[in-house]
Amino acid sequence: MIDGQKLRAGMRAVPTAVTVVTTASNGRTRGATIGSFASVSLEPPLVCFNISRDAQLHEVLMDATRLVIHVLRDDQIELSNFFANKDRSSEEQLAQTPHAFDEHGVPILKDALAVFSCNLVSMSETGDSSLVVAHVDAVYSNEDGDPLVFYNRGYCRVGDRL
Ligand SMILES: Cc1cc2nc3c(=O)[nH]c(=O)nc-3n(C[C@H](O)[C@H](O)[C@H](O)COP(=O)(O)O)c2cc1C
């Protein structure tokens, strides 16, 4: 048996995209920075991410049907840190971030590199987190700009193409 610290050390070798996931339920919105975003299936179009069961986002997702995944640009480190801060209230999150609402009342943040608008398919308890699977109904991607990457405990830019 290895402990979580050993897993964390190994995962330092794995670069991830940095996203902010937003959702809404019971009159409350919430967003959080999520690095575990991945695609699962093309037909049907499914994506997934993990959310800690301690997160406020987890609580709001439990009653949600819709969510939006925003892929951040390499000049959006501040936004990533902002949405990784548990001490911000949901009201503060929205007040301090330029956004619009989609037709389901879910916040869409301005200026992301790509935006995936999703229906929540399942949330399954997996260890200390839940694995969220979502069906993508719309994708908006911007050709200009590069993604923010999290690698070896820090933010990075995408390097040279090999
Ligand atoms: C780059 C980065 C990636 C993260 N990825 C995840 C993730 O995949 N799952 C998760 O539960 N928390 C992740 N976090 C931590 C959450 O953003 C943070 O705990 C957040 O405040 C939890 O949501 P809450 O404010 O709704 O409680 C990540 C943080 C950073 C900075």
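These figures come from a predicted structure and were not determined experimentally. (Residues numbered from 1 in each chain as written. Predicted model: local features only at pLDDT ≥ 70, side-chain atom pairs only at ≥ 80, totals over all residues.)

## Here we look at the sheet that holds strand β11 (residues 149-151)
Ordered in space as β1-β11-β12, the three strands form an open sheet in which the pairing is antiparallel. Bordering the open sheet on either side are β1 (16-17) and β12 (154-156), each of which pairs with just one other strand. Bridging between β1 and β11 involves two bridges; their strand directions are antiparallel. Residue pairing across strands places Ala17 opposite Val149, the latter belonging to β11. (Pairing = 2+ DSSP bridges. Helix = DSSP H or I, 4+ residues; strand = E, 2+ residues; numbered from the N terminus.)

## Side note on the sheet that holds strand β6 (residues 66-71)
The seven strands are arranged β3-β2-β6-β9-β10-β5-β4 in an open sheet whose pairing can be described as antiparallel. Either end of the sheet is taken by a strand with one partner, and the two such strands are β3 (28-34) and β4 (38-41). The mean inter-strand angle of the sheet, taken between neighbouring strand axes irrespective of direction, is 35°. Strand direction decides the pairing type here: β6 and strand β9 (residues 114-126), joined by six bridges, are antiparallel. Each bridged residue has a counterpart across the sheet, and for Leu67 the counterpart in β9 is Cys118. (Axes fitted to C-alpha atoms, helices over the stretch in contact; angles between N-to-C directions.)

## Quick word on the nonpolar core
Counting residues in hydrophobic clusters, the biggest one holds 30 residues, and the most contacted among them are Val20, Val21, Leu61, Leu67, Ile69, Leu72 and Cys118. Put simply, the parts of the chain that give this core at least two residues each are β2 (19-25), β3, β5 (46-52), α2 (56-62), β6, β9 and β10 (129-141). The element that contributes the greatest number of residues to this core is β6, accounting for four residues. The residues touching Val21, leaving out its near neighbours within four places in the chain, are Gly31, Ala32, Ile34, Phe49, Leu57, Leu67 and Ile69. (Core = buried A, V, L, I, M, F, W, Y, C linked by C-beta atoms within 7 Å. Buried ≥ 20, exposed ≤ 12 C-beta atoms within 10 Å, placed from the backbone. Contact = placed C-beta atoms within 7 Å.)

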